[in-house]
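Read off the chains here:
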Amino acid sequence: MLTIVGILFAVAPAIVWLTITRTRSVGSMVGAVLLAGAGLLISIQQDWIDAPRPDAHLVFTALAPLLIACGAGLEGRHEERPPQEWISRRNGAIGFLGTQFALTLVVGLLYALMISEGSDAPSSKALPSLPPGITMVDVGTSCGSGGCSRLATVTSEAGLSHPEVIRELGLQQERCRASGWLLDWRDVCVGARDNGENVTIYASWGY
């Protein structure tokens, strides 16, 4: 169900544009760009492209109306006075796109407020990929005063020592990268620990 809603959300601006476009040349060009943007957003929704979803939705709903407005402006050069029927459709399109952007902004701000509490852990996808010979035997979360972390216990099939496992993982030092562009200002920090019995890799939030 959520997949269907996400797809409808992504293609809605293209459908709106089809209801108000008046010329084949500009209409096809703008429509193609909107569909390409919808495909990109759907790829992010389905995790085919690694990008922050809330930021992607906010950018998409901000840029799509601007593109449509530019397309309508270009088409307006070919007519001195558009028909009343088109004006009604245009006003409906403005209302729809404005509502879509407002809802996205509200949901995005609620998301930003939620993550500021630090009660969530990074996704398991934030954990590094494992080289051959090292396997993951357990995945979980751990929460403390500094927030929540995603943890995974790894082991070596070749009998490597714990320092050698950490070196194979390339995690002698903690690595951090940006989690998002706009709504999520946190960093995702990845590292490894030798707790004596095994090696644990972790992904935690950095502020």
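Reading the values: the criteria
Residues numbered from 1 in each chain as written. Predicted model: local features only at pLDDT ≥ 70, side-chain atom pairs only at ≥ 80, totals over all residues. Heavy atoms only, no water. Core = buried A, V, L, I, M, F, W, Y, C linked by side-chain atoms within 4.5 Å. Buried < 20%, exposed > 50% of the residue type's maximum accessible area, 1.4 Å probe, protein only. Helix = DSSP H or I, 4+ residues; strand = E, 2+ residues; numbered from the N terminus. Contact = heavy atoms within 4.5 Å. Pairing = 2+ DSSP bridges. Arc of directions from axis to C-beta. Axes fitted to C-alpha atoms, helices over the stretch in contact; angles between N-to-C directions.

A. Examining the nonpolar core more closely. Core analysis: the largest hydrophobic core is formed by 16 residues, its most contacted members being V154, L169 and I201. Contributing elements (two or more residues each) for this core: β2 (147–156), α5 (162–169), β4 (187–194) and β5 (199–206). For this core, the element with the highest residue contribution is β5, accounting for four residues. Here L169 is in contact with L130, P131, I134, V154, R175 and I201, once residues within four sequence places are set aside. Counting 13 residues, the second largest nonpolar core, distinct from the first, contains A14, V16, L34 and A64.

B. A look at the pairing of β2. Pairing of strand β1 (residues 134–144) with β2 involves ten bridges; the strand directions are antiparallel. Within β2, the residue paired with V139 across the bridge is A152. Bridging between β2 and β5 involves six bridges; their strand directions are antiparallel. Residue pairing in the sheet places L151 in a bridge with Y202 of β5.

C. Here's a closer look at the side chain of Q100. Mapped onto the fold, Q100 is located in helix α4 (residues 84–115). A relative accessible area of 9% places Q100 in the buried class. Leaving out residues up to four positions away in the same chain, Q100 has contacts with F9, A12, P13 and T61.

D. Looking closely at unusual backbone geometry. Positive phi, close to 65°, is recorded for D47, a residue that is not glycine. Residue position: D47 is located in the loop between α2 (24–45) and α3 (53–76).

E. Spatial organisation of the environment of I7. Checked against the element boundaries, I7 lands in helix α1 (residues 2–20). Here the alpha-carbon distance between I7 and R167, two residues 160 residues apart in the chain, equals 42 Å. When near neighbours in sequence (up to four residues on either side) are disregarded, I7 contacts I42 and Q45.

F. Structural context of α5. Within α5 the residues assigned to the buried category are V165, I166 and L169. All buried residues of α5 project into a common sector of 95° when viewed along the axis, lining one side. On its buried face, α5 sits against β1, β2, β3 (175–178), β4 and β5. In the stretch just after α5, G170 is the one whose phi turns positive, near 70°.

G. Representation of the sheet that holds β2. Spatial strand order, β1-β2-β5-β4-β3: five strands in an open sheet with antiparallel pairing. In this open sheet, the two strands that pair with only one neighbour each are β1 and β3. Across this sheet, the average inter-strand angle for adjacent strands is 20°, counted without regard to direction. Against the sheet, α5 engages β1, β2, β3, β4 and β5, with an angle of about 155° to β4.

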